[in-house]
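Examining the three-dimensional arrangement
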Amino acid sequence: MKKHAVSEEVQWEILDYLYDIHPQRLTESEFCENFGEPENAALIANVRILIDEGLVNPLAVIKTLTREVIFPSELRLTPAGLNLVSSIPEED
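Read on for an overview of the structure. (Residues numbered from 1 in each chain as written. Predicted model: local features only at pLDDT ≥ 70, side-chain atom pairs only at ≥ 80, totals over all residues. Heavy atoms only, no water.)

1. Let's talk about the pattern of salt bridges
The condition that has to hold: Just to be clear on terms, a salt bridge is a Lys or Arg side-chain nitrogen sitting within 4 Å of an Asp or Glu carboxyl oxygen. In this text, helices come from DSSP runs of H or I with a minimum length of four residues, and strands from runs of E with a minimum of two, each type numbered from the N-terminal end. Using a 1.4 Å probe on the protein chains alone, a residue whose accessible area is under 20% of its type maximum counts as buried, one over 50% counts as exposed, and one in between counts as partly exposed.
Taken as a whole and assessed by the stated rule, the structure comprises 3 salt bridges. Two residues, Glu74 and Arg25, come together in a salt bridge whose shortest N-O distance is 3.1 Å. Placement of Glu74 in the loop between β2 (68–70) and α4 (79–87) and of Arg25 in the loop between α1 (8–21) and α2 (28–35) is noted, with a sequence separation of 49 residues between them. One salt bridge in this structure joins Arg76 and Glu74, with 2.8 Å as the shortest N-O distance. Accessibility expressed as a relative area gives 13% for Glu74, which makes it buried. Linked by salt bridges that have partners in common, Arg25, Glu74 and Arg76 make up one network.

Below, the structure written as structure tokens:
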């Protein structure tokens, strides 16, 4: 099994962006512009961690016949994710 780069910084970037656009959903083009390709294994690993922590919708990563892929329109914060991000003071 391959190891993929897991980055807390990337996870916070995802959470911050989703909070900023809430309650809107991401389009695939917005996702690609901000994060890269939905098939990126390292990005999927980071989103999986956010899913496991209950911070983003579990339907954000889907399995196709041959691989996993991020489903941008389902990449949304859960109520727990909203609470977490809203509780962090903004930096000036």
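2. A closer look at the packing of aromatic side chains
The following threshold applies: Each pair of aromatic rings taken from Phe, Tyr and Trp, with Trp reduced to its six-membered ring, is defined by centres within 6.5 Å and is described as stacked if the planes are under 30 degrees apart, edge-to-face if over 60, and tilted in the remaining cases.
Within this structure, the stated rule accounts for 2 aromatic pairs. Arranged with centres 5.6 Å apart and planes meeting at 90 degrees, the rings of Tyr17 and Phe35 form a pair that is edge-to-face. In this pair, Tyr17 sits in helix α1 while Phe35 sits in helix α2, placing the two residues 18 residues apart along the sequence. Three or more aromatic residues joined by ring pairs make a cluster, and in this case those are Tyr17, Phe31 and Phe35.

3. Things to note about the packing of α1 against helix α3 (residues 41–52)
As a reminder, the rule being used: Simply put, an axis is a line fit to the C-alpha atoms, just over the touching stretch for a helix, and the angle between two N-to-C directions goes from 0 to 180 degrees. Just so you know how the angles are binned, under 35 degrees is roughly parallel, over 145 roughly antiparallel, 65 to 115 roughly perpendicular, and the rest oblique. Note on convention: near helix rotated counterclockwise from far helix by under a right angle means a left-handed crossing. Clockwise means right-handed. Any pair of residues with heavy atoms lying within 4.5 Å of one another is described as a contacting pair. Put simply, Ala, Val, Leu, Ile, Met, Phe, Trp, Tyr, Cys and Pro go in the nonpolar bin, Asp, Glu, Lys and Arg in the charged bin, and everything else, Gly too, in the polar bin.
Viewed as axis vectors pointing N to C, α1 and α3 meet at an angle of 70 degrees, and their least axial separation amounts to 10 Å. What the angle tells us is that α1 and α3 run roughly perpendicular. Here α1 runs over α3; the crossing is right-handed. For the pair α1 and α3, the contacting residues are Val10, Gln11, Ile14 and Leu15 in the first and Leu43, Asn46, Val47, Ile49 and Leu50 in the second. Of the residues assigned to the contact of α1 with α3, the class counts are 7 nonpolar, 2 polar and no charged.

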